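Commentary on secondary and tertiary structure
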Amino acid sequence: MKYYLIAGEASGDLHASSLMRSLKAKDPEAEFRYFGGDLMAREGGTLVKHYRELAYMGFIPVLMHLRTILRNMKMCKRDIAEWRPDAVILVDYPGFNLSIAKFVHKWRGNLPSPIAHHPSPATHHPSPITHHPSPKIYYYIAPKLWAWKEYRIKSLKRDVDELFSILPFEVDFFEGKHHYPIHYVGNPTAQEVREWLKNEELRVKNEELNIVALLAGSRRQEIKDNLPAMIKATRHLAGRYDVVLAGAPSIEEDYYRTFIEGTHVRLVMNQTYQLLSEATAALVTSGTATLETCMFSVPQVVCYYTPLKHVIGFLRRLVLKVKYVSLVNLIADREVVTELVAETFSVSNIRRELEAILPGGDRRQQMLDDYREVYRRLGESNAPDRAAELMISYLK
């Protein structure tokens, strides 16, 4: 069968590549075409557009690149219509993917019905069969409507055939509140960390390594906003700790160098899991990385800078439907890790909270104990395998 996948950022590339691997295992004739990244490319198929050309965040960057975004969207729609897949699989990235879902839903509704095989009365030869695939629309990693833009539920219900959730609390939101049946398939991040640990030589974390990890996001704007404060907040640790910055695959090394040149910070590229397996503590920009850090049992402080912090802090309380921004706290449904966002984001606050989770700090052991509740809620299900199994069953 033919699968068209769309992932718009590094975490989507990772999750989509795992899903592709599972689809290939269950469907030996699987063909792939996709908007994605290097990890997806390793699984085969055709990379149409790299996510580096898609990943814009924030109102101003999106506005500045609006023409490029619209051009990419138009290209994607045309490519789907020409390739005619059996399934379109949307991976997170809702601003782009919900528009694609709307297009595919409308487009497939205009496709002619398949022509049945009837013998021609004049020649008694079979007439040619014209097959017009009507692709299923799957959403893998549900858009976070529970946080904001809840009105999008109407288009999600209309345009998406099957929704696959990776967060356990989403079941109550979609099914309980909005009466929209979904599939909770487990969490791919948890599964990816478990598989990484299984494939490595298991060893007890060596506290003598004394590493503080910095995970400053996977987009340029996030790095620009968060990394300088992280560097300042760890300056006093030079000599006591090796402060190591995790380089994201979507960002070139030279960009990081502009921030860390002449500082105490060391950069490692594309080795986030290895770094977390050795880290004592971490400063993490909110996102999938908070959950990865939790799965490696590394105490963390979540840092997320916003401009006009007091205004944004007020709007956050007014607009956001949830109390937390980190996946760790959202899954636990309580504050397990400290979140320094908007008006609480400052170098002094980051430094203070980091000291509290270093060895001997008063919050370190409690955080490690609380992580166990997150592990329990996520469960042990292999998310890519379960999702692939369901997707193929619906196609058949």
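Here, every reference points to the structure presented above.
Summarised in this report is the structure supplied together with it. Values in this document were obtained by computation on a predicted structure and should not be read as measured data.

**Let's talk about the sheet that holds strand 4 (residues 87-91)**
If you walk across this open sheet you meet the seven strands as 3-2-1-4-5-6-7, and the pairing is parallel. Each edge of the sheet is formed by a strand with only one pairing partner; in this case those strands are strand 3 (46-50) and strand 7 (183-184). As paired elements, strand 1 (residues 2-7) and strand 4 share five bridges and run parallel to each other. Bridged to Ala7 within strand 4 is Val91. Across the sheet, helix 1 (residues 10-26) is in contact with strand 1, strand 2 (31-36), strand 4 and strand 5 (136-140); its angle to strand 1 comes to roughly 165°.

**Thoughts on helix 16 (residues 364-378)**
Think of an α-helix as 3.6 residues a turn; residues three or four steps apart then line up on the same face. Its 15 residues place the ends of helix 16 22 Å apart at the C-alpha level, agreeing with the 21 Å of an ideal helix rising 1.5 Å per residue. Buried residues of helix 16: Arg364, Met367, Leu368, Asp370, Tyr371, Val374 and Leu378, and no others. Buried positions in helix 16, seen along its axis, are confined to an arc of 165° and lie on one side of it. Every exposed residue of helix 16 that faces more than 90 degrees away from the buried side is listed here: Arg372 and Arg376. Buried residues belonging to helix 16 abut strand 7, helix 8 (188-199), helix 12 (288-295), strand 12 (300-304), helix 14 (327-332) and helix 15 (347-357).

**Observations concerning the pairing of strand 8 (residues 211-215)**
Counting buried positions along strand 8 gives five out of five residues, so the element sits mostly inside the fold. Side-chain alternation along strand 8 places Ile211, Ala213 and Leu215 on one buried face and Val212 and Leu214 on a second face that is also buried. One ladder, built from four bridges, connects strand 8 with strand 9 (residues 242-247); its direction is parallel. Looking at strand 9, one finds that Leu214 is bridged to Leu245. For the handedness criterion, the β-α-β arrangement of strand 8, helix 9 (residues 220-233) and strand 9 is classed as right-handed. Relative to strand 11 (residues 281-285), strand 8 is paired through four bridges, and the arrangement is parallel. Bridged to Leu214 within strand 11 is Leu283.

**What about the sheet that holds strand 10 (residues 266-269)?**
Spatially, six strands are ordered 10-9-8-11-12-13 in an open sheet, and the strand pairing comes out parallel. Sheet topology places strand 10 and strand 13 (338-341) at the edges, where each strand pairs with a single neighbour. With direction set aside, neighbouring strand axes in the sheet form an average angle of 20°. Of the pairings in the sheet, the one linking strand 9 to strand 10 comprises four bridges and is parallel in character. Each residue of the ladder has a partner; that of Leu245, found in strand 10, is Leu267. Across the sheet, helix 9 is in contact with strand 8, strand 9, strand 11 and strand 12; its angle to strand 11 comes to roughly 150°.

**Some remarks on the pairing of strand 12**
When you tally the buried positions in strand 12, you get four out of five residues, the bulk of the element. Sheet topology note: the strand 11/strand 12 ladder contains four bridges and is parallel. Paired with Val284 across the strands is Val302, a residue of strand 12. The β-α-β motif built from strand 11, the intervening helix 12 and the parallel element strand 12 has right-handed crossover chirality.

Criteria and thresholds
Residues numbered from 1 in each chain as written. Predicted model: local features only at pLDDT ≥ 70, side-chain atom pairs only at ≥ 80, totals over all residues. Heavy atoms only, no water. Pairing = 2+ DSSP bridges. Helix = DSSP H or I, 4+ residues; strand = E, 2+ residues; numbered from the N terminus. Contact = heavy atoms within 4.5 Å. Axes fitted to C-alpha atoms, helices over the stretch in contact; angles between N-to-C directions. Expected span 1.5 Å × (residues − 1). Buried < 20%, exposed > 50% of the residue type's maximum accessible area, 1.4 Å probe, protein only. Arc of directions from axis to C-beta. Right-handed = clockwise from strand over helix to strand, strands pointing away.

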